[in-house]
Amino acid sequence: MGTKRARHRPRASLKYRHSMKHVHKSVLLWYSPREMYGLVTGIQDYPQFLPWCERAEVLQTHDDGVTARLHIAFAGVHQAFTTRNVQLSGHSVVMNLIDGPFSKLEGTWRFLPLNKPGQAAPDGQDPIDAPACKVEFSLHYAFASKALSLVVSPVFDRIANTFVEAFVKRAEQVHGPR
């Protein structure tokens, strides 16, 4: 008589495998790095031009940046998240998640100075005052749970993919079309 071996079925894992999303955008603009940096770091102004931003608050100011909280209200979804933003004046902003519906959120804004073709920067000109710049935006994020991902991801994906364009439009409003 043979013994029957118990069949072991693999258990279904309840652990959510985070689906990391990436957004990379860049644009060449006739605005200086200083001007674009000012728009990105003007967090308190976000509700004026980001239609999904219900509220934006700077919670704490640090020597090298700020801790900020954004409240999203879009397509019936209401969420908030907090980031620690390390700022290098006129050059970059690096964002890292503190809390919110994400398991990971890391982003970088870079403002690279550009001069007019065939022209060197005038002597003594600070590079962040160049007449144009290349803005680079990079964002990596994943949601904390599958349920959050199903509800919030479609909204946040749209927000993330239109973020740079919103700042370009804001530059035109604040600094005039160029």
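Residues numbered from 1 in each chain as written. Predicted model: local features only at pLDDT ≥ 70, side-chain atom pairs only at ≥ 80, totals over all residues. Heavy atoms only, no water.

**Q** For this particular structure, what's the right way to read the sheet that holds strand β5 (residues 92-99)?
**A** Strand pairing in a sheet relies on backbone hydrogen bonds. The paired strands run either parallel or antiparallel. Across the sheet, which stays open at both edges, the 7 strands sit in the order β1-β7-β6-β5-β4-β3-β2 with antiparallel pairing between neighbours. A single partner strand is all that each edge strand has here, and the edge strands are β1 (21-29) and β2 (53-62). On average, adjacent strands in this sheet sit at an angle of 20° to one another, irrespective of strand direction. Relative to strand β4 (residues 77-88), strand β3 (residues 65-74) runs antiparallel, the two sharing 10 bridges. Bridge pairing links Phe74 to Val77 in β4. Helix-sheet contacts for helix α1 (residues 33-41) involve β1, β4, β5, β6 (102-114) and β7 (132-143), and the interaxial angle to β6 is about 155°. Strand contacts of helix α3 (residues 146-175): β1, β3, β4, β6 and β7, with the helix running at about 175° to β7, the strand carrying the most contacts. (Pairing = 2+ DSSP bridges. Helix = DSSP H or I, 4+ residues; strand = E, 2+ residues; numbered from the N terminus. Axes fitted to C-alpha atoms, helices over the stretch in contact; angles between N-to-C directions. Contact = heavy atoms within 4.5 Å.)

**Q** I'm lost on the nonpolar core in this one. Help?
**A** The nonpolar side chains of a soluble globular protein tend to be buried, and buried together. One finds Met36, Tyr46, Trp109, Leu139, Tyr141, Phe156 and Phe167 to be the most contacted residues of the largest nonpolar core, which totals 43 residues. Looking at this core element by element, the count peaks at 11 residues for α3. Not counting residues up to four positions away in its chain, the partners in contact with Tyr46 are Leu39, Val40, Cys53, Ala56, Leu70 and Phe167. (Core = buried A, V, L, I, M, F, W, Y, C linked by side-chain atoms within 4.5 Å. Buried < 20%, exposed > 50% of the residue type's maximum accessible area, 1.4 Å probe, protein only.)

**Q** How should the environment of Met95 be read in this particular structure?
**A** Inspection of the secondary structure assignment puts Met95 in strand β5. In this view, Met95 contacts Thr83, Arg84, Asn85, Leu105, Glu106, Gly107, Thr108, Trp109, Phe137 and Leu139; residues no more than four positions away in its chain are not counted.

**Q** Quick question: what am I supposed to make of the environment of Asp157 here?
**A** Within the fold, Asp157 resides in helix α3. Sequence separation between Asp157 and Val23 is 134 residues, and the spatial gap between their C-alpha atoms is 8.7 Å. Ignoring sequence-local partners within four residues, the contact set of Asp157 consists of Lys21 and Tyr141. At 2.7 Å, the side chain of Asp157 and the side chain of Lys21 are in polar contact. (Polar contact = N/O pair within 3.5 Å; in protein donor to acceptor, adjacent residues only side chain to side chain.)

**Q** Would you mind showing me how to read the layout of surface pockets here?
**A** Empty space within the largest pocket amounts to approximately 180 Å³. As for the largest pocket, its lining consists of Phe49, Leu50, Pro51, Trp52, Phe74, Arg158, Ile159, Thr162, Ala166 and Lys169. Of all the elements, α3 adds the most residues to the lining of the largest pocket, at 5 residues. Within the lining of the largest pocket, the residues separate by chemical class into 7 nonpolar, 1 polar and 2 charged. (1 Å grid on protein atoms, 1.4 Å probe; cavity = no way out; pocket = protein on both sides within 12 Å on 5 of 7 lines; lining within 4 Å. Points joined across faces, edges and corners; volume = space filled by probe spheres on them. Nonpolar A, V, L, I, M, F, W, Y, C, P; charged D, E, K, R; others polar.)

**Q** Can you walk me through the pattern of salt bridges in this structure?
**A** The final tally for this structure, using the stated rule, is 10 salt bridges. Ionic pairing is found between Glu57 and Arg55, a salt bridge with its closest N-O pair at 3.4 Å. Residue classification places Glu57 among the partly exposed positions, given a relative accessible area of 25%. For Arg110, the salt bridge identified is with Glu136, shortest N-O distance 3.3 Å. Separated by 26 residues along the polypeptide, Arg110 in strand β6 and Glu136 in strand β7 bring together distant segments of the chain. Overall, the relative accessible area of 39% leaves Arg110 in the partly exposed class. In this structure, a network of salt bridges that share partners links the residues Arg110, Lys134 and Glu136. (Salt bridge = Lys/Arg side-chain N within 4 Å of Asp/Glu carboxyl O.)

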